[in-house]
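Survey of secondary and tertiary structure
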Protein chains: 2
Amino acid sequence: MRQLEAFQTAGRNTVSSRDLGGALGLSDAQVRKDLGYFGQFGHPGVGYRVPELIDQLRRILGTDKKTNALLVGVGNLGRALLSYRGFAKRGFEVVAVFDNDAAKVGVEIPGVHPLRVQSLSEMPGTIQRHDIRVGILTVPAPAAQGVAEAMAAAGIRGILNFAPVTLRVGGAVHIATVDLAEHLEQLAFQSGGVASEPDLPLRE
Amino acid sequence: MRQLEAFQTAGRNTVSSRDLGGALGLSDAQVRKDLGYFGQFGHPGVGYRVPELIDQLRRILGTDKKTNALLVGVGNLGRALLSYRGFAKRGFEVVAVFDNDAAKVGVEIPGVHPLRVQSLSEMPGTIQRHDIRVGILTVPAPAAQGVAEAMAAAGIRGILNFAPVTLRVGGAVHIATVDLAEHLEQLAFQSGGVASEPDLPLRE
DNA sequence: CTATGTGAACAGCTTCACAGCG
DNA sequence: CGCTGTGAAGCTGTTCACATAG
């Protein structure tokens, strides 16, 4: 989608699977197969019509509608993400924030729409009122599992977890964990540190 | 590593591949295979000795030393990440920050070690002085490709990219892109929105 | 008897290659 | 003739299962 929008902005009206793949570091076949799982959008001999494909994908992915989200954990990272505009740009609005810390409950978070920090007990009602499906979890690692369970019980269907732990929640709740430090560790590992040293070889 | 440390804190002295896998949502065989790529650490009939395995892995992964990092792009997300303590907890210190915007260069970023925002032209020297290998990239999407190339030219070996674009840099520079909104989109897609609607079926 | 390390079997994903359509 | 859609082939990564060690 991002790449298609870039092509559209550049004034391209059609794009081939080869063009798309080239821009994304994928093979042409990969692009066609992936799109093939959702339907048939291409025009043989022509390629994909950019505005048409964008419309179809937006509808399929649900990115044609705004989505309400909540955030739990108004610590450093939580406040950080609240001031980040990238979510809004892609159609997400954080409409409620929560924290377990009594000292933080009631505090106003400034922003375009200022938000009052709520206690976890208010979550079920707030979720219903705003039809919230997904939540961002930015609590300290030791609290993450418990809070995730509370979110699941309150009706959240998807959790974007920033705590460096593996969450286990039952039911139909989807989890995506983003461990920012882990990515840095991987880069540091690959990038010259140790992998290339002669006394610490990977096998094969 | 995270899970091993958790086991250690819990006072466990040995752990089997089954225990480790169970806690991480992996099979026992997967755990053994993965560890097998780095060497033989286990003790048949016993499992893995927790402190021993932690030491070995820390040395192999390079997480036994502190690593200096830089950050480019002192916008919303950049400042956010600078105030996040998760990187420091895992041995990374951001020792320099850069921005292309002349209005931001020279500004002081508060923190444990306050940092003066530098211009991109100072990057090569700063990288040498502090032996910096990895960088965090938090500039707007349209600027990301150009800045990434500048970072590569200045000697950076790994880039943690938060701009929602596919970066292409030559040479031995590793790229890890984290698109925060994309993860939310995926969760929203899986979590009831559209995937379960009858008129938008996935094939198969 | 327990739990590793590892070839062998298997599964899933990627690439190939080509028929068919505009 | 160009480019899609898609079975078939190829490959990578996961799981199985067992010989081996404590």
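Residues numbered from 1 in each chain as written. Chains lettered and ligands numbered in written order. Predicted model: local features only at pLDDT ≥ 70, side-chain atom pairs only at ≥ 80, totals over all residues. Heavy atoms only, no water.

**A short note on the interface of chain A and chain B**
- At the interface, 61 residues of chain A touch 61 residues of chain B.
- Buried area between chain A and chain B, summed over both chains or domains, comes out near 5400 Å², and the portion from carbon and sulfur atoms is 62%.
- At the junction of chain A with chain B, the criterion picks out eight salt bridges.
- For Arg-2 of chain A, the salt bridge identified is with Asp-179 of chain B, shortest N-O distance 2.9 Å.
- Of all the secondary structure elements, the ones that give two or more residues to the side of chain A that touches chain B are α2 (17–24), α4 (50–61), α5 (76–82), α6 (86–89), β7 (134–137), β8 (158–161), β9 (174–177) and α9 (180–193) of chain A.
- Per-element tally for the side of chain A that touches chain B: the top contributor is α9 of chain A, with 13 residues. (Contact = heavy atoms within 4.5 Å. Buried area = accessible area lost by both parts, 1.4 Å probe. Salt bridge = Lys/Arg side-chain N within 4 Å of Asp/Glu carboxyl O. Helix = DSSP H or I, 4+ residues; strand = E, 2+ residues; numbered from the N terminus.)

**Structural notes on the environment of Gly-111 of chain A**
- Tracing the backbone through its elements, the reader meets Gly-111 of chain A in the loop between β5 (108–109) and β6 (115–118).
- Taking the C-alpha atoms as reference points, Gly-111 of chain A and Gly-86 of chain A, separated by 25 residues in sequence, lie 14 Å from one another.

**Some thoughts on the relation of the copies chain A and chain B**
- It takes a turn of 180° to lay chain A on chain B, together with a shift of 0.0 Å along the axis; the resulting RMSD is 0.0 Å. The symmetry that links the two subunits is that of a two-fold axis. Closest to the rotation axis within chain A is the C-alpha of Ala-80 of chain A, separated from it by 2.2 Å.
- By residue overlap, the copies meet face to face through one surface: 100% of the interface positions of chain A are interface positions in chain B. (Least-squares fit on C-alpha atoms with pLDDT ≥ 70 in both.)

**Thoughts on the sheet that holds strand β4 (residues 92–98) of chain B**
Residue and element names in this part refer to chain B.
- Within the open sheet, the seven strands sit side by side as β5-β6-β4-β3-β7-β8-β9. Their pairing is mixed. Both outer strands of the open sheet, β5 (108–109) and β9 (174–177), are each paired with one neighbouring strand and no more.
- Relative to strand β6 (residues 115–118), β5 is paired through two bridges, and the arrangement is antiparallel. Pairing of Ile-109 across the sheet is with Leu-115, part of β6.
- Most of the contacts of helix α8 (residues 141–154) go to strand β7 (residues 134–137), to which it runs at about 165°, and overall it touches β3 (67–72), β7 and β8 (158–161). (Pairing = 2+ DSSP bridges. Axes fitted to C-alpha atoms, helices over the stretch in contact; angles between N-to-C directions.)

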